[in-house]
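Results of the structural survey
Each chain, written out:
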Amino acid sequence: MGATVTDRTGVPAAGPTKPKRLRRGFTARDRRDFPIFLILALPNILLIMAFIYRPLITNIYYSTLNWTLGSKYATPIGLGNYREFFTDPDSLGVLKTTAIFTVATVGGSMVLGLMLATVLNRPLRGRTLARATVFAPYVLSGVGIGLVWVFIFDPVVGVLGAVLRAMGGTSPEWFNKPGLSLVMVIIVYVWKNTGYCAVIYLAAMQAVPKDLLEAASIDGASSFRTFRSVVLPLLSPTTFFLLLTTMLSSLQAFDLIRIMTPLGNGTTTLMYDAYLQAFGGYNRAGYSAAVATILFAILLVMTVVQLSFIERKVHYA
Amino acid sequence: MSVAMPAAGSLGENLPENERNDANRPPGPLSRSNVVATLVTGYLPLLLATLIIALPLIWMVLGSLKSPDEIVTQDLVLLPKHPDLDAYGQAAERISIGRLFLNSAIVTVVGSTIKVILAITSAYAFVFVRFPFKRVLFVGVLVALMVPPQVALVPNYVLISGLGGVNTYWGIILPGLGTAFGTFLLRQHFLSLPTEIMEAAEIDGASHFKRMMRVVVPISGPTIVTVALVTIVNEWNDYIWPLVITNDESRMTLPVGLTLLRNIEGDASAYPVLMAGAVMVIVPVLVIFAALQRFIVAGLTQGAVK
């Protein structure tokens, strides 16, 4: 139907080419749809352009300025902010913190999530409730969760310190030693996000064909061997998906770091540095924009890597 | 039998009587060794994981019901002796937590309502309305899903504060209104709807608006609920933008106000008040999650497993 209206070649539409013809050009009736599309979709598209795409471009421009937030005057300094970042020894610390935080949180929540998923995948009573419980922290406010854990980790009045003292130890100085602060924030981040990995892994495990598992069982494979040689390879697309999505969110982690360690002593990742530089009292908008641009470049590379892997949909043995 | 008992460990002692005496039988599904294995490798980790997640949250609630004396003490107080809501009253005095709660509710309700409407209309447009370069535009929306808005804090701050949006509801809400997530999820769902229904409505001469409201929306209930719930939770928990754009208690949302509370209350005796604040920001989401977790989990894990 309708194919002859737009058929400019005059050749009667032959069967197989028909669908192609339909795509060519727009009929008058199609054009009546255009304003409707604009009414329905344009507000959303404009908002996305104004508050997601525009800032990305503007940010790159801001990153070339020596500019104090709130000031009317800015000096263009080209790549000065970037030069400062890559020559400042503090930045090396920021990059190191970012790397440690990202690797530890991604690794921690994925490994624990996988272990949890294998347990949740067994026909145990109460596993539905357990699944919901472990997922819950993922949807809770990072600020609220951060406060709860500050209370738990408090070396003087916290319950963790009390337990350690009862066992004859002492509470570590979680808030005063930069290294320990980082460990603390990592623990809480993993606590909050493991359930997400577990639920995603669980869904993938439940999609593993039963006959493969039966075949492995008939061949006399142990349950561990079946997991390692059959289930795990089949989970590899999920592993890649999780690896990159959790990496992206770890690189953007903010709430827990801000509420648990406001000064960022030992916990200043790229994301937190971008915030602190502009809004943490220095008001260095230009430098902050440069840090944010570096972070964005990293995120972009990871997204491209992710997309190219998802495109291949491979299974790794 | 009496020799084998201690080796099996204390876990076996909780078993019913009839399963205690079958150690010599070949291992069946309910044999002693199997039951012990299920307990150790199944129920034990399950219980452990559940406790690790639940205990901190219970500790938070207990903490909010304690008096400062029960916090600042040599001996750990597990349960408050006289549980009361004093800490909540103090939170109301110190940072007017009722006001913060109201602000969060206003921002969440207004923001989520607009976002869900925008998601429905634009997803409908992307699926059912003809327009040139629709695909390119949709890819643009999709890419926005991966672009973290907080990476571009400064430009949005400069724009909104320049328009006078500091300490205003619209200043908090506006920059987050564009919705890539909802559009994406609803578009996927609309594409799966049977085409016959739409064709029938089209032949009946129903306008796009009528088709959307009378046909598409009513049969997409669960997906719309999913989008709405995930949006509500995200708006409620949203932190970095409200933190940047407000500095006055009259417009702060709960998470921002709690940050202020943590900054001004350095003393350990303030923990009940802080826990009261944490309860107020966490428990509403926990209640929604407990009631409707099916939708929320589905929404947040969509697209992960092909």
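Each residue is numbered by its place in its chain's sequence as written, counting from 1. Written order decides the labels, with chains lettered from A and ligands numbered from 1. Reporting of local features is limited, given that this is a predicted model, to residues whose pLDDT is at least 70; pairs of side-chain atoms are given and counted only at 80 or more, and all residues count toward the totals for whole chains, interfaces and linings. Side-chain measures here rest on the full set of heavy atoms in the structure, leaving out hydrogens and waters.

Some thoughts on the interface of chain B and chain A
The contact rule is simple, with two residues in contact once any of their heavy atoms fall within 4.5 Å. Listed by partner, the interface residues are 90 residues for chain B and 89 residues for chain A. The quantity reported as buried area is the accessible area (1.4 Å probe) lost by two parts once they are put together, taken as the sum for both. Counting the surface lost from both chain B and chain A, the interface buries some 7,900 Å², and carbon and sulfur atoms represent 76% of this. Salt bridges are counted wherever a side-chain nitrogen of Lys or Arg sits within 4 Å of a carboxyl oxygen of Asp or Glu. Inspection of the chain B/chain A interface yields one salt bridge. In this structure, Arg 130 of chain B and Asp 33 of chain A form a salt bridge, with 3.2 Å as the shortest nitrogen-oxygen distance.

Examining the side chain of Thr 253 of chain B
Secondary structure elements are taken from DSSP: a helix is a run of H or I of four residues or more, a strand is a run of E of two residues or more, and numbering for both begins at the N terminus. Positionally, Thr 253 of chain B belongs in the loop between helix H13 (240–245) and helix H14 (254–264). Ignoring any residue separated from it by four or fewer positions in sequence, one finds Thr 253 of chain B in contact with Leu 100, Asn 103, Ser 104, Val 107, Ile 172 and Pro 242 of chain B.

Notes on the pattern of salt bridges
All names here are of chain A. For the structure on display, the rule yields three salt bridges over all chains. Residue Glu 84 pairs with Arg 284 through a salt bridge whose shortest N-O separation is 2.8 Å. Placement of the pair is Glu 84 in helix H4 (residues 80–87) and Arg 284 in the loop between helix H14 (270–279) and helix H15 (285–312), with a sequence separation of 200 residues. When accessible area is computed with a 1.4 Å probe and restricted to protein chains, residues below 20% of their type maximum are described as buried, those above 50% as exposed, and intermediate ones as partly exposed. A relative accessible area of 27% means that Arg 284 is categorised as partly exposed.

Topic: the confidence of the model for chain B
All names here are of chain B. Each residue gets a pLDDT score, which is the predictor's confidence in that residue and runs from 0 to 100. Taken over all residues, the pLDDT of chain B has a mean of 84, while the share at 70 or more is 89%. Averaged pLDDT values for the elements of chain B fall to 35 in helix H1 (residues 4–8) and rise to 95 in helix H8 (residues 169–173). Considering only residues more than four positions removed or in separate chains, one finds that residues 1–25, a stretch of pLDDT under 50, has 24 contacts.

Digging into the side chain of Lys 115 of chain B
Residues and elements named next belong to chain B. If you trace the backbone, Lys 115 turns up in helix H5 (residues 97–128). Exposure remark for Lys 115: the relative accessible area of 16% places this residue in the buried category. Every residue in contact with Lys 115, bar those within four places of it in the chain, is listed here: Gly 176, Leu 177, Gly 178, Thr 179, Thr 231 and Glu 235.

Notes on unusual backbone geometry
Residues and elements named next belong to chain B. Backbone geometry places Ser 96, a non-glycine residue, at a positive phi of 40°. Mapped onto the fold, Ser 96 is located in the loop between helix H4 (86–95) and H5. One non-glycine residue, Phe 133, adopts positive backbone phi at about 60°. Within the secondary structure, Phe 133 is located in the loop between H5 and helix H6 (134–146).

Topic: the nonpolar core
Membership of the largest hydrophobic core comes to 178 residues, with the highest contact counts inside it found for Ile 145, Met 260, Tyr 275 and Phe 279 of chain A together with Tyr 124 and Phe 190 of chain B. With residues up to four places along the chain from it excluded, the contact list for Met 260 of chain A reads Gly 146, Trp 149, Val 150, Phe 153, Phe 175, Met 184, Val 185 and Val 188 of chain A together with Arg 262 of chain B. Only buried residues count toward a nonpolar core, which is a set of Ala, Val, Leu, Ile, Met, Phe, Trp, Tyr and Cys residues joined through side-chain atoms within 4.5 Å.

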